[in-house]
Amino acid sequence: MRTFFKRVTLLILTLVAVLMLPVGYIELACRPSGETEDYVAILPPEHRRAEGRTLLTYPEWHIVHAYEDYARVIRDGDPHDYSYLSSIAGFWTSLCSLSKASGPHGGFPSASKQTIYTIGVSFTAELLAKAAYEEALGRVATWIRGGPHAPLDDLSAEQATRYSQFLRQKPWYLWDFTGDANALSDGATDAFRDRERLLALGLEYKVKASYANVIAAAVANMEPDALRFRMIVTGLNAEGLGRYRDVEVIAQRDEGIEIDTPRYRALTEVLLGYCQVVGVILCFVDSGWIMRPFQRCNRPRG
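Worth saying up front: this structure is predicted, and the values here are computed from it rather than measured.

> Any chance you could explain the nonpolar core here in plain terms?
One recurring pattern in soluble globular proteins is that nonpolar side chains are buried together. Residues Ile26, Trp92 and Leu95 are the most contacted members of the largest nonpolar core, which totals 43 residues. Sorting the residues of this core by element identifies helix H1 (2–29), helix H3 (58–76), helix H4 (84–101), helix H5 (110–145), helix H6 (151–166), helix H7 (177–187) and helix H8 (192–218) as the ones contributing at least two each. Excluding residues that lie within four positions of it along the chain, Leu95 makes contacts with Ile26, Leu56, Pro59, Phe108, Ile116 and Tyr117.

Rendered as structure tokens:
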């Protein structure tokens, strides 16, 4: 038994070391370069955040889009058709590039590292586990099943789609993984593939539910990111801006019109609406977002 526990401990330590390798690489080989550029802030401190933090939100969105891609793949195919390793590599390579580029924007904020590294390691561990299973036992189960999807194949694809849409606006740990596990149990037939999906995905959802509870408890006393923020718009009029749902015109400034908007995917929809109406580009200057019609950003921060 002592030998067994030693081997298990060694295996766990090896897995942890492997998962932490990308973090070490980012810290050593992807350090920010370039001098921080000075700027004159437009908005007050409570409506600003570090430019580096804004720049480094892209890897988080890479994960959101990865889940969207996964949902599309299993809707028409099977989980082993998804490019797990490419998706993992995409997260870390994008984080490396953006960390290097963050120098003129204040660097990679230490306050952001804990969050980004945690979700990156978790994402990597999840996809490696799924790849190992789906490329082996999961693939064999599809051979036994044959061509058409089993009921739980379709149900899991629907769950993956809803989950990816949920991530557009809310953190993953608020998702009801237990509800998904129960839905699998209710929808399973006696078909072999359904039984295999019930076992594999049911276990996955239960592990995620437990991990989500841990993360939710860890962040319970932390101030969450605001769901709205301020931006400056030029080239548009206040009356037209006020017609957009969830957009509040705050004030007319010398630099442009200050508005209050939602964040995350809801902001994307707002910006797409602007672009379709008047044609604008979005510039990040002076530690704030500025929209300008048919113009280039004055500084390379867009």
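Picking up after the structure, the text goes on.
> Please clarify how H5 should be interpreted in this entry.
An α-helix turns once every 3.6 residues. As a result, residues three or four positions apart point the same way. If you check H5, its first and last C-alpha atoms are 49 Å apart, about what 36 residues at 1.5 Å a residue would give, namely 52 Å. Largest kink in H5: about 45 degrees, centred on Glu134. Gly146 lies just past H5 and shows a positive phi near 95 degrees.

> Is there a simple way to think about the pattern of salt bridges in this case?
Side-chain pairs of opposite charge can arise whenever the charged atoms involved come near each other. For the structure on display, the rule yields 19 salt bridges. When the shortest N-O distance is used, the salt bridge between Glu126 and Lys208 registers 2.6 Å. With Glu126 in helix H5 and Lys208 in helix H8, this pair connects stretches of sequence that are 82 residues apart. When sorted by exposure, Glu126 lands in the same class as Lys208, which is buried. Between Asp190 and Arg195 there is a salt bridge, and its shortest N-O distance comes to 3.1 Å. For Asp190, a relative accessible area of 72% corresponds to the exposed category.

> Before we go on, may I ask you to explain the packing of aromatic side chains in this structure?
The geometry of an aromatic ring pair is captured by two quantities: the separation of the ring centres and the angle between the planes. The full count for this structure, using the stated rule, is 14 aromatic pairs. Ring centres 6.1 Å apart and planes at 80 degrees place the aromatic pair Tyr67 and Phe123 in the edge-to-face group. Of this pair, Tyr67 sits in helix H3 while Phe123 sits in helix H5, and the two are 56 residues apart along the sequence. Classification of Tyr67 by relative accessible area gives buried; the value is 12%. Grouped by ring-pair contacts, the aromatic residues Tyr67, Phe91, Trp92, Phe123, Tyr163, Phe166, Trp172, Tyr173, Trp175, Phe177 and Tyr211 constitute a single cluster. Of note, Lys113 hangs over the ring of Phe108, and the distance from its end group to the ring centre comes to 5.3 Å.

Rules used throughout
- Residues numbered from 1 in each chain as written.
- Predicted model: local features only at pLDDT ≥ 70, side-chain atom pairs only at ≥ 80, totals over all residues.
- Heavy atoms only, no water.
- Core = buried A, V, L, I, M, F, W, Y, C linked by side-chain atoms within 4.5 Å.
- Buried < 20%, exposed > 50% of the residue type's maximum accessible area, 1.4 Å probe, protein only.
- Helix = DSSP H or I, 4+ residues; strand = E, 2+ residues; numbered from the N terminus.
- Contact = heavy atoms within 4.5 Å.
- Expected span 1.5 Å × (residues − 1).
- Bend = angle between axes of the 7 residues up to and from the residue.
- Salt bridge = Lys/Arg side-chain N within 4 Å of Asp/Glu carboxyl O.
- Phe/Tyr/Trp six-rings, centres within 6.5 Å; stacked < 30°, edge-to-face > 60°.
- Lys NZ or Arg CZ within 6 Å of the ring centre and 35° of its normal.

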